[in-house]
Amino acid sequence: MKKQILIIVFLHAFLLSGFAQQSLQNAKKGDSAYYKHNYSLAIDYYRKAFAYNKLNETRFETYCYLDKLENIASCFAHLSMNDSALVYMNKAVEHGFILHSAFVCLDEFGELINSPEWIKLSKKQDSLFCSRHKNIDLALAMEIRDMFKNDQYVRGYLIQAINLKKDQHTLDSIDARAQFIDSVNLIKLIRIMDKVGYPGTAVVSGECRDDAFFIIQHAPLEIQKKYLPNIVEAVKNNQISGITSALLIDR
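Structure report, in brief.

1. Digging into helix H3 (residues 65-78)
Phase 1 of the analysis: Its 14 residues give H3 an end-to-end C-alpha distance of 20 Å, which sits within 8% of 20 Å, the value for a rise of 1.5 Å per residue.
Phase 2 of the analysis: The buried count for H3 comes to 12 of 14 residues, which makes it a mostly enclosed element.
Phase 3 of the analysis: Among the residues of H3, Tyr65, Leu66, Lys68, Leu69, Glu70, Asn71, Ile72, Ala73, Ser74, Cys75, Phe76 and Ala77 are the ones counted as buried.
Phase 4 of the analysis: Looking one or two residues past H3, Ser80 carries a phi angle of roughly 60 degrees, positive in sign.

The following block contains the structure:
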């Protein structure tokens, strides 16, 4: 009897392993189609990946399917199937999707970003962020998250306007708005850094550790130079991702 049980357990584990591999292969094929802008094909592969993956829910986050949920949502948005895009982004958030920068990606989600449903979903993610973190300065983290979103949104809007070949007056107006947002963000960030230094992982969590960097990156050159040592030190202390100092030095 024990031998039969062991055989059944082994076969079950073997089948799950096979399904997991098939799921990963379909996810990779979905990625390939997605980056080639073949959104309909990408959706087909991602759906197959999710179907296999449901056989073992514990593997969902292990295989980075949260990113795939965002990708399939983006596919639907590119195909103007906004209801389906919202469904998958809701699933991503419910499973703990942390890339809040996705909520300002106009190139990925376009007109959907301005919809009431999208704004509600973004606030839902903010609420989940607050519930996940108890040992950080939540007020400061949310302030920096908002600064980052404003920084990214206005730039996405400008890129979108350029791609749509908007008139020069429109482009100048958006650029002026970007400069205003940058100046306000910089004033706020300097005030914050004078108090706590670079607001990285220990201050605002790993999810928001790079947000303040974008404010510095878009500041005038003298500000970039002034705070470069702070960024390098933050990298050494694992308070910010390593690529940030390289980006700033390149600039």
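2. Details of the packing of aromatic side chains
Phase 1 of the analysis: One pass over the full model with this rule turns up 10 aromatic pairs.
Phase 2 of the analysis: Ring geometry for Phe148 against Phe214: centres 5.2 Å apart, planes inclined by 65 degrees, an arrangement best described as edge-to-face. Pair noted here: Phe148 is in helix H7 (residues 138-163) and Phe214 is in helix H10 (residues 211-217), with a separation of 66 residues, a long-range link.
Phase 3 of the analysis: Given the relative accessible area of 25%, Phe214 is considered partly exposed.
Phase 4 of the analysis: Ring plane angle 75 degrees and centroid distance 5.8 Å describe the contact between Phe213 and Phe214, whose orientation is recorded as edge-to-face.
Phase 5 of the analysis: Here Phe213 falls in the buried class, since its relative accessible area comes to 1%.
Phase 6 of the analysis: Here the aromatic cluster, defined as three or more aromatic residues joined through ring pairs, consists of Tyr46, Phe50, Phe76 and Tyr88.
Phase 7 of the analysis: If you follow Arg145 out to its NZ or CZ, it ends over the ring of Phe129, 4.3 Å from the centre.

Cut-off values and rules
Residues numbered from 1 in each chain as written. Predicted model: local features only at pLDDT ≥ 70, side-chain atom pairs only at ≥ 80, totals over all residues. Heavy atoms only, no water. Helix = DSSP H or I, 4+ residues; strand = E, 2+ residues; numbered from the N terminus. Expected span 1.5 Å × (residues − 1). Buried < 20%, exposed > 50% of the residue type's maximum accessible area, 1.4 Å probe, protein only. Phe/Tyr/Trp six-rings, centres within 6.5 Å; stacked < 30°, edge-to-face > 60°. Lys NZ or Arg CZ within 6 Å of the ring centre and 35° of its normal.

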